[in-house]
Amino acid sequence: MTGRVAVLGASGCVGRQVCAAFARQGRPPVAVARRRAAHLDAYRFLPLDVAALSGGELAKVLADEGVEAVVNATGGWVAGDEEMHRTYVRLVDQLIEAMTMLPGPARLVHVGSVHEYGPTPHGLTITEQLRPAPQSVYARTKLAGSRRILDAVRAGELDAVVLRVANVYGPHPAEASFLGGLLGKLRDGAELDLTIVDAWRDFVDVRDVADLVVEVTADRAADPLVNVGSGQAINIRTIVEDLLSAAGRSPESVRERAGAVQARGGDWTQVDITHATRLLGWRPRRPHLESVRAMWEAAGAPAGVLSSHSTA
């Protein structure tokens, strides 16, 4: 590939790391987001609301920039049914149209979500063959966007891959996420009054996800659908305790309250990454404790004493 790569949603948790991964490969991306963020100053930046553009308008922008590959990392923690449809469905429709209008071959990498499969029974490992049955608006709209892309690929209209990504952690989690909110409270020295759901979820380091994005952007032989995760479920309470340890706080410093927790998926998520490993040679490289430590240290906080009780 000789043309440029555009990263949509470059200001977000995943987009930020994707931009950095391309830069490490000597290919600084064109960073696209509605608002500039300080970490994007090193790249060519386009302040665009992609969902507000027509397919033709977006195609012109991409063509003028010499883009031959696009990574769609938009979305993040969008609130409200209407905004979810706008971001996860309408934007994808405009993007597909734009990609088909570019003057030369163009590759699309779409960051989807493992929650598109819907809640799964405890112990089940999610393969690409599992039939999606999403229940939340978030999961349904994410699935709708991914299906539009996969349908276009099967019709021969688009060169693309959908990565259904598990929960991400590591440096700079989204502030609206549970871990992002907890990190902010720890950094500010605030008292901790938490509701911790008794759930097991697959977490993968966002930097490992970004490395795979770079790989499949160039690998046009990759299958159009790939699940991405660590391949192992971990209890949410374990992650909380390890983050407390990194911050030098004890579990006893948390006042735990009862209550329901609004989640994007069910109480169990574990991803089968055989497909990614066998076909792409990819496995996550960062162990759990390294990801937790990076999450804390990226917040500009002093390191605590991180325990090693976790096996994840």
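Right above here is the structure, for reference.
Reading guide: rules and limits
Residues numbered from 1 in each chain as written. Predicted model: local features only at pLDDT ≥ 70, side-chain atom pairs only at ≥ 80, totals over all residues. Heavy atoms only, no water. Buried < 20%, exposed > 50% of the residue type's maximum accessible area, 1.4 Å probe, protein only. Helix = DSSP H or I, 4+ residues; strand = E, 2+ residues; numbered from the N terminus. Pairing = 2+ DSSP bridges. Right-handed = clockwise from strand over helix to strand, strands pointing away. Phe/Tyr/Trp six-rings, centres within 6.5 Å; stacked < 30°, edge-to-face > 60°. Axes fitted to C-alpha atoms, helices over the stretch in contact; angles between N-to-C directions. Contact = heavy atoms within 4.5 Å. 1 Å grid on protein atoms, 1.4 Å probe; cavity = no way out; pocket = protein on both sides within 12 Å on 5 of 7 lines; lining within 4 Å. Points joined across faces, edges and corners; volume = space filled by probe spheres on them. Nonpolar A, V, L, I, M, F, W, Y, C, P; charged D, E, K, R; others polar.

Some points on the pairing of strand β2 (residues 30-33)
- Alternating residues of β2 divide into V30 and V32 and A31 and A33, and every residue in both groups is buried.
- Pairing between strand β1 (residues 4-8) and β2: three bridges, direction parallel. In the strand pairing of β2, A6 is matched with V30.
- Remark: the β1/helix α1 (residues 13-24)/β2 crossover connection has right-handed handedness.
- Relative to strand β3 (residues 44-47), β2 runs parallel, the two sharing four bridges. Residue pairing across strands places V32 opposite L46, the latter belonging to β3.

Section: the packing of aromatic side chains
- Using the criterion set out here, one finds two aromatic pairs in the structure.
- For the ring pair Y88 and Y138, a centre distance of 5.5 Å and an interplane angle of 85° mean the geometry is edge-to-face. In this pair, Y88 is assigned in helix α3 (residues 81-101) and Y138 in helix α4 (residues 137-154), connecting sequence segments 50 residues apart.
- Judged by centre distance (5.3 Å) and plane angle (45°), the rings of Y169 and F203 are tilted. With Y169 in strand β7 (residues 167-169) and F203 in strand β9 (residues 200-205), the pair connects residues that are 34 residues apart, well separated along the chain.
- Residue F203 is classed as buried on the basis of its relative accessible area, which comes to 10%.

A look at the sheet that holds strand β4 (residues 67-72)
- Taken in spatial order, the seven strands of this open sheet run β3-β2-β1-β4-β5-β6-β10, and their pairing is parallel. Whereas interior strands pair on both sides, the edge strands pair on one side only; in this sheet they are β3 and β10 (225-228). Strand after strand, the sheet turns through a mean of 20° between neighbouring axes, direction not considered.
- Across the face of the sheet, α3 comes into contact with β1, β4 and β5 (107-113) while running at roughly 165° to β4.

A word on the side chain of Q17
- Relative to the helices and strands, Q17 resides in helix α1.
- What makes Q17 buried here is its relative accessible area of 8%.
- Once residues lying within four places of it in the same chain are set aside, the contact partners of Q17 are P171, H172, V206, R207 and A210.

Some remarks on empty space enclosed by the protein
- Scanning all chains against the criterion turns up two cavities of 30 Å³ or more.
- Quantified by volume, the largest cavity comes out at close to 50 Å³.
- Residue lining of the largest cavity: N72, T74, T87, Y88, V92, H110, V111 and K142, and that is the complete set.
- Mapped by element, the contributors of at least two residues to the lining of the largest cavity are α3 and β5.
- Of the residues that constitute the lining of the largest cavity, the class distribution is three nonpolar, four polar and one charged.
- Looking at the second largest cavity, its volume works out to about 40 Å³.
- Looking at the second largest cavity, the residues that line it are V114, H115, G118, P119, T120, I126, G265, G266, W268 and T269.

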